[in-house]
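Residues per chain, in single letters:
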Amino acid sequence: MTIKNYINGEFHNPIKNNWIDNYCPANGEVYGQLPNSDKTDVEKAYNAAKTAFPMWSQTSLEERSRILIKISELLEANLQRFAEAESKDNGKPISLAKAVDIPRAASNFRFFGNAITQFASESHESIGLKAINYTLRQPIGVVGCISPWNLPLYLFTWKIAPAIAAGNCVIAKPSEVTPMTAYLLGEICNEAGLPKGVLNIVHGLGTTTGQAIIAHEDIKAISFTGGTATGAHIAKVAAPMFKKLSLELGGKNPNIIFADCDYEDMLDTTVRSSFANQGQICLCGSRIFIEDAIYDRFKKDFVTKVKALKVGHPSEHDTNIGALVSKAHLEKVKDYIAIAKEEHAMVLCGGNEVTIKGYENGYYLEPTVIEVKNDECRVNQEEIFGPVVTIMPFKTEEAVLEMANKVKYGLSATLWTNDLKRTMSMSNQLQAGIVWVNTWMLRDLRTPFGGVKASGIGREGGFEALRFFTEAKNVCIKY
Ligand code: NAD
């Protein structure tokens, strides 16, 4: 399958004819190629976006909304095809792609198609000065959206939908590791009647295609989701050009479990929050802290449940853990398991590669639970981003709060307790952009989404995203 760039509503080969192999994680085989676009392709996309901008920015909200909702409906109508493509490209179980990734991509378009019609601006009467101020929310122009491989279409559309809803034209780059569903999205946009040049999708490596987007002087805002080191690089490149930046970066999220929680609910959700999508979700609770009183019980029950998870081919409907996204990522995760052993942590279950008959070269790893004695060890501090969690007991609220906050990241935190005072007090003090209490990854698209510290700057979601993708201009009229 040859993937092409989607520029000005048409599919193009890369100008310099450079291509990258696309691997299927389930069997380790190359099954297609994608462009490694460079700045000439980005310039072509920029010209298409720039040309489309005056018309698109003046298109009525009703019309923009209608097109976004049409894209959403077409994604829903193509659920099976998109879910199969996502699963094959990424290694995630087809059941997950079908229940979560593709429906959420459709929801992103529907949500922002509706939200833009409700996005009101402010006005302020300057009493005593005989003046009135009103704020215009104007689209920025041509904006860049760069996304990672873990939730490919889900996160790609989480940026594109608000950007175009707000009247911008977009140059978007999906991860080179998982380009397939972004490629298929181009056809859907054409079918939905999205005008040419409003969305342009360029494929390629971060260091070539991504770099050309972030370094382009006239791309005035970058919405990025990916690793913290890449985020820091983008911030450096963008700063002298005063680009607007939204950076959604890595995480090492605490999952804090008190003895007074609803135990069974906590246990099932903790298995999910640890290993969903092979643990490759920035929100996974990879550091589990358990109150002393229930530590031994939790350890036994959790390990039993984790051992029962089925590692299998992503296309099989009873697979719980599919393939990791790439060989390089598999090696990185295995290195961390080796580091844990060097640090004298105890691997309670998992830790080994899994060979699946017929797919011997696929990137499969057992879900792994590591008991650590010291919260400052590397596996407890560094983002592993795979099916690996640590567990550790705690005695007091103060002690667990200190450990939870003692990492460079601050994306999300999960708290299991039925004590109201503790809920309020800990939620206030946890250094995270999102705190879930007695649940995990329950998402309401109106809420602000993002992290603090090395997990990023800016917020996505709801009107926060529409604020990011617009410039506020105050007009003051004296009467
Ligand atoms: P990555 O940073 O390697 O790549 C992300 C994207 O950036 C890719 O499209 C890549 O090609 C591009 N890129 C790489 N170098 C670039 C450069 N110099 N200039 C411009 N673009 C460049 O991240 P990844 O490995 O694809 O994704 C995993 C990371 O993403 C993890 O750290 C994870 O926590 C994070 N993540 C964060 C969130 C969040 O919402 N905070 C969500 C999902 C994933």
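Quantities reported herein were computed from a predicted structural model and do not represent experimental measurements. (Residues numbered from 1 in each chain as written. Predicted model: local features only at pLDDT ≥ 70, side-chain atom pairs only at ≥ 80, totals over all residues. Heavy atoms only, no water.)

> Could you clarify how one ought to interpret the overall build of the protein chain in this entry?
When you go through the protein chain residue by residue, the secondary structure sums to 15 helices and 22 strands. Evaluated residue by residue, the protein chain yields a buried proportion of 58% over its 479 residues. Once local pairs closer than 6 in sequence are excluded, the contacts in the protein chain between residues at least 24 apart make up 74%. With the model as given, the accessible surface of the protein chain reaches about 19100 Å², and the carbon-plus-sulfur share is 53%. Computing the positive centroid from 51 side-chain charges and the negative centroid from 53, the protein chain places the two 4 Å apart. (Helix = DSSP H or I, 4+ residues; strand = E, 2+ residues; numbered from the N terminus. Buried < 20%, exposed > 50% of the residue type's maximum accessible area, 1.4 Å probe, protein only. Contact = heavy atoms within 4.5 Å. Areas by Shrake-Rupley, 256 points an atom, 1.4 Å probe, with all protein chains shown as cover. Lys, Arg positive; Asp, Glu negative; His and termini not counted. Charge placed at Lys NZ, Arg CZ, Asp CG, Glu CD.)

> Help me out: how do you make sense of the nonpolar core in this one?
Nonpolar side chains in soluble globular proteins tend to end up buried together. F112, L185, L199, L283, F298 and F302 are the most contacted members of the largest nonpolar core, which has 127 residues in total. Tallying contributions element by element places helix 5 (residues 152-165) first for this core, with ten residues. Not counting the four nearest positions on each side in its chain, L185 is found in contact with I71, L75, F82, F109, L153, F156, T157, I160 and L199. F258, L324, Y363 and V400 belong to the second-largest nonpolar core, a separate cluster that totals 30 residues. (Core = buried A, V, L, I, M, F, W, Y, C linked by side-chain atoms within 4.5 Å.)

> Help me understand the side chain of S274, please; the structure alone is not making it clear to me.
Along the chain, S274 turns up in helix 9 (residues 263-275). Using a relative accessible area of 2% as the deciding quantity, one classes S274 as buried. Excluding anything up to four places from it in sequence, S274 contacts G279, C284, G285, I288, F302 and V389.

> What's the story with the site of the ligand in this structure? I'm lost.
What surrounds the ligand is a group of 29 residues, the closest being K173, E176, T230, L249 and E383. G227 is positioned with one of its backbone polar atoms (N or O) 2.8 Å from an oxygen atom of the ligand. L249 is positioned such that a nitrogen or oxygen atom in its backbone is 2.7 Å from a nitrogen atom of the ligand. Out of a free accessible area of 850 Å², the ligand has 89% covered by protein chains. For the shell around the ligand, the secondary structure elements donating two or more residues are helix 7 (206-214), strand 10 (221-225) and helix 8 (228-238). For the shell around the ligand, the element with the highest residue contribution is helix 7, accounting for four residues. Across the shell around the ligand, the residue classes break down as twelve nonpolar, 13 polar and four charged. Looking at the shell around the ligand, you find at least three residues from each of domain 1 (5-249 + 455-478) and domain 2 (254-445). (Near = heavy atom within 4 Å. Polar contact = N/O pair within 3.5 Å; in protein donor to acceptor, adjacent residues only side chain to side chain. Nonpolar A, V, L, I, M, F, W, Y, C, P; charged D, E, K, R; others polar. Domains from an automatic or database assignment.)

> Sorry if this is basic, but what is going on with the layout of surface pockets here?
The probe, sized like a water molecule, is rolled over the atoms to show the empty space still left. Counted as a void, the largest pocket has a volume near 1100 Å³. If you go around the largest pocket, you meet 47 residues; those closest to its centre are P148, W149, G226, G227 and T230. Within the residue set of the lining of the largest pocket, elements represented by two or more residues are strand 3 (19-24), helix 5, helix 7, strand 10, helix 8 and helix 11 (327-342). Its residues assigned to classes, the lining of the largest pocket comprises 21 nonpolar, 17 polar and nine charged. Each of domain 1 (5-249 + 455-478) and domain 2 (254-445) gives at least three residues to the lining of the largest pocket. Estimated volume of the second largest pocket: approximately 490 Å³. (1 Å grid on protein atoms, 1.4 Å probe; cavity = no way out; pocket = protein on both sides within 12 Å on 5 of 7 lines; lining within 4 Å. Points joined across faces, edges and corners; volume = space filled by probe spheres on them.)

> I keep staring at the sheet that holds strand 14 (residues 346-349) and nothing clicks. Help me out?
Whether parallel or antiparallel, the strands of a sheet pair through hydrogen bonds between backbone atoms. Across the sheet, seven strands lie side by side as 14-15-16-13-12-18-19; this open sheet has mixed pairing. Since the sheet does not close on itself, it has two edges, and those belong to strand 14 and strand 19 (434-437), each with one partner. This sheet shows a mean twist of 25° between the axes of neighbouring strands, independent of strand direction. Strand direction decides the pairing type here: strand 13 (residues 287-291) and strand 16 (residues 388-394), joined by five bridges, are parallel. Paired with F289 across the bridge in strand 16 is M392. Here helix 10 (residues 295-307) sits on the sheet and contacts strand 12 (254-257), strand 13, strand 14, strand 15 (368-371) and strand 16; the angle it forms with strand 16, its principal contact strand, is near 165°. (Pairing = 2+ DSSP bridges. Axes fitted to C-alpha atoms, helices over the stretch in contact; angles between N-to-C directions.)

> How should I be thinking about the pairing of strand 7 (residues 142-146) in this particular structure?
Along a regular strand, successive side chains alternate from one face of the sheet to the other. Most of strand 7 sits inside the fold, with five of its five residues counted as buried. Across the two faces of strand 7 the burial is the same, with V142, G144 and I146 and V143 and C145 all buried. Of the crossover connections in this fold, the one passing from strand 7 over helix 5 to the parallel strand 8 (residues 169-173) is right-handed. With four bridges connecting them, strand 7 and strand 10 associate as parallel partners. Looking at strand 10, one finds that C145 is bridged to S223. (Right-handed = clockwise from strand over helix to strand, strands pointing away.)

> Quick question: what am I supposed to make of the side chain of H203 here?
Summarising the element assignment, H203 is placed in the loop between strand 9 (199-201) and helix 7. Here H203 falls in the buried class, since its relative accessible area comes to 1%.

> Can you help me understand the environment of W436 in this one?
Inspection of the secondary structure assignment puts W436 in strand 19. A residue is classified by how much of its surface remains accessible, and W436, at 6% relative accessible area, is buried. The spatial distance from the C-alpha of W436 to the C-alpha of S412 is 7.7 Å, given a sequence separation of 24 residues. In this view, W436 contacts L283, S412, A413, T414, L415, M441, L442 and R443; residues no more than four positions away in its chain are not counted.

> Would you explain the domain arrangement of the protein chain in this entry?
Often, the extent of an interface is quoted as the loss of accessible area upon association of its parts. Domain boundaries in the protein chain define domain 1 (5-249 + 455-478) and domain 2 (254-445). Between the C-alpha centres of domain 1 and domain 2 there is a distance of 30 Å. Taken residue by residue, the interface counts 30 residues in domain 1 and 30 residues in domain 2. Both sides together, the interface formed by domain 1 and domain 2 hides about 2300 Å², and carbon and sulfur atoms give 61% of it. Together, A26, W149 and S455 form the three largest contributors to the area buried by domain 1 at its contact with domain 2, with a combined 23%. Joining domain 1 to domain 2, the criterion identifies zero salt bridges. Taken together, the links from domain 1 to domain 2 amount to ten residue pairs in polar contact (both at pLDDT 80 or more). Counting only elements with at least two residues in the side of domain 1 that touches domain 2, the list comes to helix 3 (79-90), helix 4 (94-115) and helix 5. A per-element tally of the side of domain 1 that touches domain 2 places helix 4 first, with seven residues. (Buried area = accessible area lost by both parts, 1.4 Å probe. Salt bridge = Lys/Arg side-chain N within 4 Å of Asp/Glu carboxyl O.)

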